[in-house]
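These are the residues of each chain, in order.
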Amino acid sequence: GCRSALLTVMRDNNVVILVGETGSGKTTQVPQFLYEAGYSHPSCHGRRGRIGVTQPRRVAAVAMAERVAYELGGAAGEEVAHQVRYEKTVTDKCRIKFMTDGILLRELSADLLLSQYSVIVLDEAHERGLNTDILLGILSRVVALRAAPPAADDDDAQRSHPGPLKL
């Protein structure tokens, strides 16, 4: 019932904190709303990257990827995939990627701007694990870096700039 309001808030803000009851759809419905609104679509400027969803536990990452894939009518590993330690179903077609906090930390070490993502959903952030706390600190800076547009006279930087990151 709050899909439209959520998408408006996401459009207008780079950082959104969503609080809801258990079973309200924060983990399963929000990524689908973002996907259906064009986030992660290759031709939408500023929304081209994947939707990344972190989970503190590997079992949750795998199970949620399978459920969201089922709800979107596809097979797990195609447009919706998961990556946990020692297991990865991600392909080039992947638009929503469920992963553990540790996987996202590892990706940050290789690409500080997380240029392959347009949205990162830090699920279960209230659990306050070490990985989640580190991610919150780093991602707050990544959001700021990606919000700043490149210099107007630098054409290469403008073409390669991934656009804003929604958190």
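Residues numbered from 1 in each chain as written. Predicted model: local features only at pLDDT ≥ 70, side-chain atom pairs only at ≥ 80, totals over all residues. Heavy atoms only, no water.

*Asks:* Mind laying out the environment of Ser115, listing which residues take part and the relevant values?
*Replies:* Mapped onto the secondary structure, Ser115 falls in the loop between helix H4 (101-110) and strand E5 (117-122). In this structure, the C-alpha to C-alpha distance between Ser115 and Gly49, residues 66 residues apart in sequence, is 7.0 Å. Setting aside its immediate chain neighbours within four residues, Ser115 contacts Arg146 and Pro162. Within the local environment of Ser115, its side chain forms a polar contact with the side chain of Asp111, the two groups lying 2.7 Å apart. (Helix = DSSP H or I, 4+ residues; strand = E, 2+ residues; numbered from the N terminus. Contact = heavy atoms within 4.5 Å. Polar contact = N/O pair within 3.5 Å; in protein donor to acceptor, adjacent residues only side chain to side chain.)

*Asks:* Just give me the short version of a nonpolar patch on the surface, but keep the residues and values in it.
*Replies:* A cluster of nonpolar side chains, contributed by Leu112, Leu113 and Leu145, occupies part of the molecular surface with about 250 Å² of accessible area. Residue class for Leu145 comes out partly exposed when judged on its relative accessible area of 47%. (Patch = residues over 30% accessible without salt bridge, like charges linked within 9 Å, V, L, I, M, F, W, Y side chains within 5 Å. Areas by Shrake-Rupley, 256 points an atom, 1.4 Å probe, with all protein chains shown as cover. Salt bridge = Lys/Arg side-chain N within 4 Å of Asp/Glu carboxyl O. Buried < 20%, exposed > 50% of the residue type's maximum accessible area, 1.4 Å probe, protein only.)

*Asks:* Can you break down the pattern of salt bridges residue by residue, with the values?
*Replies:* If the charged atoms of two oppositely charged side chains come close together, the side chains can form a pair. Under the counting rule described, the total for this entry stands at five salt bridges. Across the salt bridge formed by Arg58 and Glu87, the nearest N and O atoms sit 3.9 Å from each other. With Arg58 in helix H3 (residues 58-71) and Glu87 in strand E3 (residues 87-88), the pair connects residues that are 29 residues apart, well separated along the chain. With relative accessibility at 34%, the residue Glu87 sits in the partly exposed group. The partner of Glu107 in a salt bridge is Lys97, and the shortest N-O contact between them spans 2.4 Å. Of this pair, Glu107 sits in helix H4 while Lys97 is found in strand E4 (residues 96-100), placing the two residues ten residues apart along the sequence. Both residues of the pair, Glu107 and Lys97, belong to the buried class.

*Asks:* Can you tell me about the nonpolar core, naming the residues and giving the values?
*Replies:* Leu34, Ile51, Val80, Ile96, Phe98 and Val119 are the most contacted members of the largest nonpolar core, which has 21 residues in total. Residue assignment for this core shows that the elements contributing at least two residues are helix H1 (3-12), helix H2 (29-36), strand E1 (50-55), H3, strand E2 (80-84), E4 and E5. Those residues in contact with Val119 that lie beyond four places of it in its chain are Met10, Leu34, Tyr39, Arg50, Ile51, Gly52, Leu165 and Lys166. Of all hydrophobic cores here, the second largest spans 15 residues; its members include Leu108, Ile120, Leu135 and Leu167. (Core = buried A, V, L, I, M, F, W, Y, C linked by side-chain atoms within 4.5 Å.)

*Asks:* Could you give an account of helix H5 (residues 130-147), with specific residues and numbers?
*Replies:* In a regular helix each residue adds 1.5 Å, so 18 residues correspond to 26 Å; H5 covers 26 Å between its end C-alpha atoms and thus fits that length. Within the sequence span of H5, burial applies to Thr132, Leu135, Leu139, Val142, Val143 and Arg146. (Expected span 1.5 Å × (residues − 1).)

*Asks:* Let's hear about the packing of H1 against H2: which residues, and what values?
*Replies:* Close contact between H1 and H2 brings their axes to 11 Å; oriented N to C, the two are set at 70 degrees. With respect to H2, the axis of H1 lies roughly perpendicular. As for the relative orientation of H1 and H2, their crossing is right-handed in sense. From H1, Arg3, Leu6, Leu7 and Met10 reach across to H2, where they touch Val30, Phe33, Leu34 and Glu36. (Axes fitted to C-alpha atoms, helices over the stretch in contact; angles between N-to-C directions. Parallel < 35°, antiparallel > 145°, perpendicular 65-115°, else oblique. Left-handed = near helix turned anticlockwise from the far one by under 90°.)

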